[in-house]
Amino acid sequence: MNKFIVILLFFCFNIYCQKNTNPKENDSLKAEKLEEVILTATRTERQLSSIPLPVTLISGSTIKKSGSVRIDDILAEQTGLILATDESGFEGIQIQGIDSDYTLILMDGVPLVGRSSGNFDLSRLTVGNIKQIEVVKGPTSSLYGSEALAGVINIITEKPKNEKLTGRASYRIGSFTAQDMNLSLQQKKGKIRYALFGNRFSRDKYVLEPNDSDRSITVNPIENYTLNGKFYYDINNNIKLSASGRYFDQLQNSGFSFTDTDGDGQEIIVNAEGEALERDLNTLLKLDQNWSEKFNTTYEFYYTNYIAEDISRDTETSDIVFNNLFDQKLLRAEIRGNNIIKGMGTITTGVGYQYDFLDRTLFENEVSFNSQYVYTQFDMIPLENLNIIIGVRFDNHSEYSNQVSPKFAFNYKITDQLSIKGSTGYGFKAPDFRQLYLNFTNPSVGYSVLGYKTVPKELQLLFDQGQLAFGDNLTPDQGQARVNELIATFDNDLEAESSIGYNIGLNYRQSKKLILDINFFRNDFRNLIDTFVLARKTNGQNVFSYQNFDEIYTEGIEFSATYNIFENLEISGGYQLLYAFNKDIKKQVENGELFVRDENLTSIVLSKDDHYGFFNRSRHNGNLKVFWDIKKWDLNVNARAIYRSKYGLGDTNGNGTFDTFDDDAVVVDGFATLNIAASKKLFKKFEIQAGADNILNYQNINIPGNPGTRGYVRVNYQF
Amino acid sequence: MKKGFYLLLTFSLIIASCGSDDDSCAESLFFEDADGDGLGNSATSQLACSAPEGFVTNSDDNDDTQALANLISETTNNLPAPQEGGQGQPISGDFTLFDLDTGAITTNTDDWDIAFRATTIIINGGISQGTTDEPSRIGDAAAYIATGTMADITSADTSLFVQDAADALAIPSGSDNGWYNYSGSPLFLITPLPGKILVIKTTEGKYAKIEILSYYKDAPTSPDAFVNEGRYFTFNYVYQPNNNISTF
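No experiment lies behind these values; they were computed from the predicted model shown. (Residues numbered from 1 in each chain as written. Chains lettered and ligands numbered in written order. Predicted model: local features only at pLDDT ≥ 70, side-chain atom pairs only at ≥ 80, totals over all residues. Heavy atoms only, no water.)

Turning our eyes to something else, we now look at the packing of aromatic side chains. Inspection of the entire model under this criterion finds 28 aromatic pairs over all chains. Summarising the aromatic geometry, the rings of Tyr306(A) and Phe326(A) are spaced 6.0 Å apart at their centres and angled 70° between planes, so their arrangement reads as edge-to-face. Taken as a pair, Tyr306(A) in strand β18 (residues 295-314) and Phe326(A) in strand β19 (residues 320-341) lie far apart in primary sequence, 20 residues in all. This pair shows no difference in class: Tyr306(A) is buried, exactly as Phe326(A) is. Through a chain of ring-to-ring contacts, three or more aromatic side chains come together here, namely Phe98(B), Phe116(B), Trp179(B), Tyr180(B), Tyr215(B), Tyr216(B), Phe233(B), Phe235(B) and Tyr237(B). The ring of Phe581(A) is capped by Lys586(A), whose NZ or CZ atom sits 5.5 Å from the centre of that ring. The ring of Tyr647(A) carries the charged tip of Arg644(A) above its face, separated from the ring centre by 3.6 Å. (Phe/Tyr/Trp six-rings, centres within 6.5 Å; stacked < 30°, edge-to-face > 60°. Helix = DSSP H or I, 4+ residues; strand = E, 2+ residues; numbered from the N terminus. Buried < 20%, exposed > 50% of the residue type's maximum accessible area, 1.4 Å probe, protein only. Lys NZ or Arg CZ within 6 Å of the ring centre and 35° of its normal.)

Here it is in C-alpha cells:
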C-alpha cells in the first residue's frame with residue numbers, strides 16, 4: 001500500500017511537471033483524424049492502420065447495413081470473433097480461442113459488469129446508438145487491468161455534433177414477432193450538447209426441435225428497454241464536462257417442471273413459472289481538460305449496478321420454488337493524462353481506485369473488493385517508420401496477489417504499403433466473487449462448494465457438525481488435525497489467472513482498394529482456477545473448493561482480406577486457424593498416457609490424430625462478405641456467410657478432453673450461416689430495409705440462441 | 001531323458017570351450033522347466049549362450065513337477081450395486097460383495113475381496129469409514145489404481161498397495177478422483193475413466209486386475225442416464241490363481 005502511495009505521488013508530480021511543457025501544433029495528428037480512428041488500443045486516438053496491435057473496427061454503417069439488432073449479432077460476423085454457446089446454453093464471444101470470461105467489455109471506455117457463468121451476454125446491448133465497436137485482441141491488462149486477457153471489446157456510442165436538432169426513429173419487425181424500436185435525438189446548443197436514445201426490443205417464444213418431446217427446448221419470450229442520455233457542457237475551449245447515463249431493463253418469462261416427492265413419498269411433477277429480471281445502470285461523469293496542445297487530462301467517475309433476479313413459483317400452490325438474486329455494483333474513479341513530447345511520442349499515465357460489491361443468494365454475506373491501480377504507457381516513434389509502445393500497469397488488490405502487467409508492441413513500415421507488427425503482453429483475470437466467496441450446498445444432491453476464502457470457517461463448521469467423513473476410527477483430535485491440515489493449504493492467496501500473449505503479423509494496404517492482414521498468435525495461460533474435491537461428506541457427496549491448476553495454450557493464424565472490385569463493391573473474407581490445448585492433457589496424449597474406450601468398452605490408448613483438444617473450439621472459422629452500394633438507386637445489398645467447423649461441448653468418455661470417441665450428443669458438426677440484407681433510401685428521409693438471417697435455416701439443439709431463419713423489415717426515418 | 005541332457009551339457013561345454021575366443025557369446029545360467037510353466041527349478045541348471053530347450057532364466061519354481069494354473073480371464077456382467085438414500089438423504093444399503101477367488105458374488109461378510117454400492121467401491125482390507133451398512137474389513141485385501149490398458153498392466157506393483165482408510169478409500173470416491181467421471185448437467189452420466197485398472201490383492205493373497213467397463217445395465221456403448229438403468233457394474237478381470245505370483 002505504501003508503495004502505491006509513492007507511485008501515486010510520483011504520478012502527481014509527473015502531471016505537474018508536464019503542465020509546463022510548451023504548446024505546439026501537431027499537424028500529423030490532425031490529418032490522422034480524417035481516417036478511421038481507434039481509441040481502445042492506446043487510450044489515445046490512433047489511426048487504425050498504424051496500430052501495432054491486432055485490432056478490429058466495426059463501423060456504425062456496417063452495423064446498420066447488416067441489419068443487426070443486438071451487439072452479439074454483428075460481433076459474430078467478424079473474423080476471429082466466435083459467438084460460442086457453452087454446455088449450459090450461455091453465449092459469449094471467444095477471441096483467439098479464449099472464453100468470453102477473459103474478455104473485458106467496455107462501453108465508452110468503462111467496464112460493463114454482470115456475467116452468467118463467466119459469460120457476458122452481449123445480447124443485452126442494443127446497436128441502436130452505436131458509433132463503432134473497437135476490438136483489441138491479445139492481452140491488454142497493461143491498460144485495462146483484470147479480465148483483459150483475450151482482449152477488449154469497446155462499444156463506442158454516438159456523440160452529438162450537429163447544431164440542428166436531429167433525430168432518428170426506426171421500427172423493425174421480424175420472425176417470432178421480434179420487434180425493435182429506436183428513437184434518438186441530438187442537438188448542440190452553444191456550450192451544451194446532448195443526445196437522447198431509447199430502444200425497446202421484444203420477441204415471442206420459440207421452440208427448438210418441436211417434434212422431439214424429449215429434447216425440445218422452449219426459449220421464452222423476452223422484452224427489454226434501453227435508455228441512454230448524454231450531456232456535454234463545454235465550460236470553455238479547453239475544459240469539457242460530460243455526464244452520461246444508461247439504463248437497461250429486461251423481463252423474460254421462465255417456466256419449467258421437475259419431479260419431486262410429496263408428503264406421502266409419491267412422485268409428483270411440479271410445474272413452476274416465473275420471471276427473470278435484469279437491470280443494468282451505468283453512470284459516467286467525465287471532465288476533459290486540455291492544458292495545452294501537448295498535454296491533456298481526463299477525470300472520470302463511474303458507477304454501475306447490475307441486478308439479475310430469477311423467481312419461480314409453483315403454479316398450483318404459488319410457493320416459491322426457485323429464487324436467485326445477483327446484485328453487483330462497481331464504483332471507479334480514474335485520472336489519466338496524455339503528454340505529447342515533440343519528436344518522441346506520447347506518454348499516457350493513469351491512476352485509479354475501484355470498489356466492487358456483490359450480493360448474491362448463494363453467498364452468506366455481501367462481499368466487496370477494493371483495488372487501486374496505476375498505469376503508464378510510452379507510445380514513441382524512435383525512427384520515421386518505427387512505432388514502439390511500452391506500457392506497464394500495477395494493480396493492488398485487497399483479495400488476491402498484486403499484479404504487474406507489462407506490454408511491448410511495435411509497428412515497422414517496410415514500405416508505404418507493407419508493415420510488420422508485433423506485440424507481447426501480460427494479461428490477468430482476478431479470481432471472481434464466486435471462486436472466493438461461494439458457500440453453496442446443493443439441496444437435492446447434497447454436495448457443497450466452498451469459495452477459497454470461505455474454506456477455513458466453513459470446513460471447520462462442517463467438521464463440527466459431523467458432516468465430514470473422516471471415518472469412525474479417527475478420534476476427534478485426529479479429525480481436527482486433518483481439518484487443520486486442509487485449511488492450512490488455503491493460507492496463501494489464490495493467484496489470479498494469467499496469460500502471456502504473443503502476436504506477430506503483416507499488414508498490406510493498397511489505399512482502400514486492397515487490404516490484407518495476417519497475424520500469428522499464441523497465448524500461454526497459467527494458474528487457471530478450477531474446482532477440486534476438498535473433503536468427503538458423510539452423505540457420500542463431496543466438498544469442492546477452488547485452486548489454481550491448469551496450464552493451457554491457444555495458438556493459431558488469423559487472415560483477413562478486403563478487396564474493392566470497383567468503388568462500391570467490396571468483397572471481404574476472413575479465416576482463423578486455431579489450436580487450443582490443455583498442456584498436461586496434450587503431454588499425456590503424446591506419451592500415450594491418455595485413454596479412450598473402443599466399441600467393446602475396453603480401454604485403448606488415445607492417438608494424437610483422434611485428439612481435438614479443448615472443448616468448444618473449432619479448428620477452422622471463416623467468413624465471406626459482399627457489400628454492394630448501388631448509388632444511382634440509393635440501394636445497398638449485402639450477403640454475409642459465416643462458417644464454424646466441428647467442435648465438442650464436453651467429454652462423454654471420462655478422459656477430460658474432446659476426442660473422436662466422444663458421444664455425438666456433445667458434438668456440434670461444422671455449420672454455415674448465411675445472412676442477407678438490402679436497404680434503400682426513399683424521399684431523402686426514409687430508409688427501408690429487408691433481410692433474412694440464417695437463410696440456410698441451420699439449427700442445433702446445443703445452440704438455443706439460434707431459432708433458425710428469421711426474416712425482417714425495417715423502416716427508418718431521419719429528421 | 002536325463003542322460004540326453006548330460007550329453008547335451010557335455011557337448012555344449014565342448015563347444016563353449018572351443019569357442020572361448022568367440023567374444024559374441026556371453027554365457028548365463030539356465031534352469032530346467034520340466035512342467036513347462038515358465039518357472040525353472042533352481043536345483044537343475046546349466047550355462048549356455050541362449051536358453052536350451054526346456055530351460056528358462058527363472059528359478060522360482062518350488063514344484064517343477066506340476067505346471068501353474070492358467071490365468072483366469074472373466075467378464076462379470078450387470079453386477080447390481082444398489083443404494084438407498086443419496087440425493088441429500090443419508091446413504092445406506094448393503095454393498096454387493098464379490099469374491100475374486102471364486103469369481104462370484106457372495107453374502108459371506110468375512111470372505112470377500114471387493115464390494116460395490118452405487119459409485120462407492122471398497123475392499124476387504126483396512127478400516128471401515130463407518131457409513132450405514134458398510135461392512136467391517138475382516139480380510140487383508142489391498143488395492144491401487146494403475147494407469148494403462150488392461151494389456152499394459154502385466155504385474156502388480158506390491159509397493160503401491162493401500163487399504164481402505166478412515167479418510168480415503170483405496171479406490172477413491174468422487175468424480176475424476178478414482179475410477180469414474182460424473183459429467184453433471186446436461187447428461188448426468190457416470191463414465192468409468194478409460195485407462196484406469198484396479199489392481200487387487202485378494203484376501204487369499206492372490207493378485208488380480210479389473211477394468212470397469214460400464215455403470216449401466218447391459219453395458220450400452222452410448223449410455224443415456226435417463227434411459228439406461230445405473231448401478232450395474234460390468235467389468236473384465238484377470239485373476240492370478242497361483243501363490244506368490246504377481247504377474248497376470
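Read on for the rest.
Attention shifts here to the sheet that holds strand β26 (residues 448-450) of chain A. Residues and elements named next belong to chain A. Pairing in this open sheet of 4 strands is mixed, and the strands run β25-β26-β30-β29 from one edge to the other. Sheet topology places β25 (439-441) and β29 (528-536) at the edges, where each strand pairs with a single neighbour. Across the sheet, the mean angle separating the axes of adjacent strands is 30° when strand polarity is ignored. Bridge analysis of β25 against β26 gives 3 bridges, and the strand direction is antiparallel. The partner of Thr-441 across the bridge, within β26, is Ser-448. (Pairing = 2+ DSSP bridges. Axes fitted to C-alpha atoms, helices over the stretch in contact; angles between N-to-C directions.)

Before going further, it helps to examine the sheet that holds strand β6 (residues 103-107) of chain A. Here we have 5 strands laid out as an open sheet, ordered β3-β8-β9-β6-β7 (chain A), and mixed in their pairing. Since the sheet does not close on itself, it has two edges, and those belong to β3 (55-59) and β7 (110-111) of chain A, each with one partner.

Next up on the list: the side chain of Asn396(A). Residue and element names in this part refer to chain A. Counting through the fold element by element, Asn-396 comes out in strand β22 (residues 386-397). Judged by relative accessible area, which is 12%, Asn-396 ranks as buried. For Asn-396, the side chain forms a polar contact with the side chain of Gln-372, separated by 2.6 Å. (Polar contact = N/O pair within 3.5 Å; in protein donor to acceptor, adjacent residues only side chain to side chain.)

Our next topic: the confidence of the model for chain B. Close inspection of predicted coordinates is inappropriate for parts of the model with low pLDDT. All names here are of chain B. Confidence along chain B averages 84 in pLDDT terms, with 88% of residues attaining 70 or more. Confidence over residues 13-21 falls short of pLDDT 50; this stretch has 1 contact with residues more than four positions distant or in other chains. As a predicted assembly, this complex carries a pTM of 0.82 together with an ipTM value of 0.71. (pLDDT = per-residue confidence, 0-100. Contact = heavy atoms within 4.5 Å.)

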